Amino acid sequence: MNKKDIANFRKQFKVGNDLLKVSEIFNVYIMKESSDIYHHQSQPFEMLDEDQQELFINNFKKVLTGQLDEKLFELKFQSDVENTSQLILHKGLLGNSEDWKEQMIRIVEKMLKDKQYEMDIVVTFIRGEYLKPMKRRKEEAEESERDAVYSHSFILCSINKTQDPKKELLFDYVEKEFRYNVVVDPIINLNTPIAGFLFPCFTDNAADVNHILYSSGKAHEPDYPFIEEVLNGEEMMTAKEDKAVFEEIVKSVVGDQLNTSKLANVYDEINRVMEENEEEETPKLDYKDVEKVLKMSGLEETTPEKVEMAFKDVMDDEKYELKASSILPKYHSKSIKINTKVANIAISPQDLRYVRQVHSQGKRFIMIEVEEDTVIEGFTMLPEAYISKESKLNEK
């Protein structure tokens, strides 16, 4: 799934939406002390009152919120795994209500194996159908776009922690007295899911049962045991890890010192590759692609042999492919941070070439080229002539 597919799916999560029909909801309550299933309950989603539906719908929208490879991860199922979650979820997707509950319990049991939670948790599954209108053709313009739709059955899971109720002081109007409000029932935090997943993924308007979309509670912090042991997904890399790998590869090829104009050129080249493949899946860069990017960026000392060896040294795999979207800072926003003791600067990759580190009279300076006057606290800065040490020597 690409970010457009996820966004289109997420925006359908509205109560009463005829393009997203949730048929059943299944809640499982797990006690922290024993890591056992304390209670489970399944019912038709439409039997919930509207306020309850709204709470769960908003919760599942949050499961689907986040950037790919940062908070959301499309995982390929491992092959040759016993009791594989791929088969369990597929059976739950196609089975009747009893089959559905039985298979979801099996997923929860996999979660509880060798796992001790720090708080009571609630695992919620919904099963439904997502309808996506086909693009309207010119010759069929008189027909409604809803006349032809792609239909996708899905299972969506959310894992939420519980929290103790707040201690409150109430005023009783009838008895005219203040009293302490005693509530012992735990509150299920539906505002911040700690994990979740969607099965199957949707690719090119078709169900892809070989992949599952995993959602972590926090960006760049996937739960690897959950991914591998519960979902049986293959090993994956976060965008942050991919970026670190790319940086180590570049350092291995050209050294750890690089001027801003060359670095800006590198980012320009990666952005160009992404723009050329905008309509396709996020492009990946192997060692040959990285060698081409570095050469096109003006790093002439780059050779295919150096880059291939760098891939092997850093990843122990010269055939590894880096996702372009992971290694490129957000191109049109101030995503690059320059932190010093004096000031912190934020700048976009495309404007990085206007920043320089210069040496003058034994001191280091950060120089930023600007087209307009700089205003600080309402005062326009007075321009000062910059005279380098070399210029002074030449004058003498």
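To be clear, the structure that these remarks concern was listed above.
So, here's what we can say about the structure. (Residues numbered from 1 in each chain as written. Predicted model: local features only at pLDDT ≥ 70, side-chain atom pairs only at ≥ 80, totals over all residues. Heavy atoms only, no water.)

Our next topic: the overall build of the protein chain. A tally of helices and strands in the protein chain yields 11 helices and 20 strands. The C-alpha radius of gyration computed for the protein chain amounts to 27 Å, which surpasses the reference 21 Å derived for 396 residues by more than 25%, pointing to a less compact arrangement than a globule. As displayed, the protein chain offers around 24900 Å² of accessible surface, 47% of which is attributable to carbon and sulfur atoms. Taken as two groups, the 54 positive and 77 negative side-chain charges of the protein chain have centres that lie 4 Å from each other. (Helix = DSSP H or I, 4+ residues; strand = E, 2+ residues; numbered from the N terminus. Rg over C-alpha atoms; globule rule 2.2 N^0.38 Å. Areas by Shrake-Rupley, 256 points an atom, 1.4 Å probe, with all protein chains shown as cover. Lys, Arg positive; Asp, Glu negative; His and termini not counted. Charge placed at Lys NZ, Arg CZ, Asp CG, Glu CD.)

Turning next to the environment of D51. Inspection of the secondary structure assignment puts D51 in helix α2 (residues 50-63). When its relative accessible area of 62% is taken as the criterion, D51 is described as exposed. Considering only alpha carbons, one finds D51 and N191, 140 residues apart in sequence, at a separation of 14 Å. (Buried < 20%, exposed > 50% of the residue type's maximum accessible area, 1.4 Å probe, protein only.)

Note that Q12 resides in the loop between α1 (3-10) and β1 (20-31). Q12 sits in the buried class, given a relative accessible area of 12%.

Counting residues in each nonpolar core, the largest one holds 33 residues, and the members touching the most others are V123, F125 and F197. In contact with F125, not counting residues within four places along its chain, are E24, I25, F26, W100, M104, I107, V108, I155, L156, C157 and F197. Membership of the second largest hydrophobic core comes to 31 residues, among which are L294, L299, F311 and L352. (Core = buried A, V, L, I, M, F, W, Y, C linked by side-chain atoms within 4.5 Å. Contact = heavy atoms within 4.5 Å.)

One way to put it is that helix α3 (residues 85-94) packs onto helix α4 (residues 97-112) with a least axis distance of 8 Å and a crossing angle of 155°. For the element pair α3 / α4, the angle class is roughly antiparallel. Taken as a pair, α3 and α4 cross one another with a handedness that is left-handed. Residues S85, I88, L89, K91 and G92 of α3 touch α4, and the partners they reach there are W100, Q103, M104, R106, I107 and K110. (Axes fitted to C-alpha atoms, helices over the stretch in contact; angles between N-to-C directions. Parallel < 35°, antiparallel > 145°, perpendicular 65-115°, else oblique. Left-handed = near helix turned anticlockwise from the far one by under 90°.)

These figures come from the coordinates and say nothing about function on their own.
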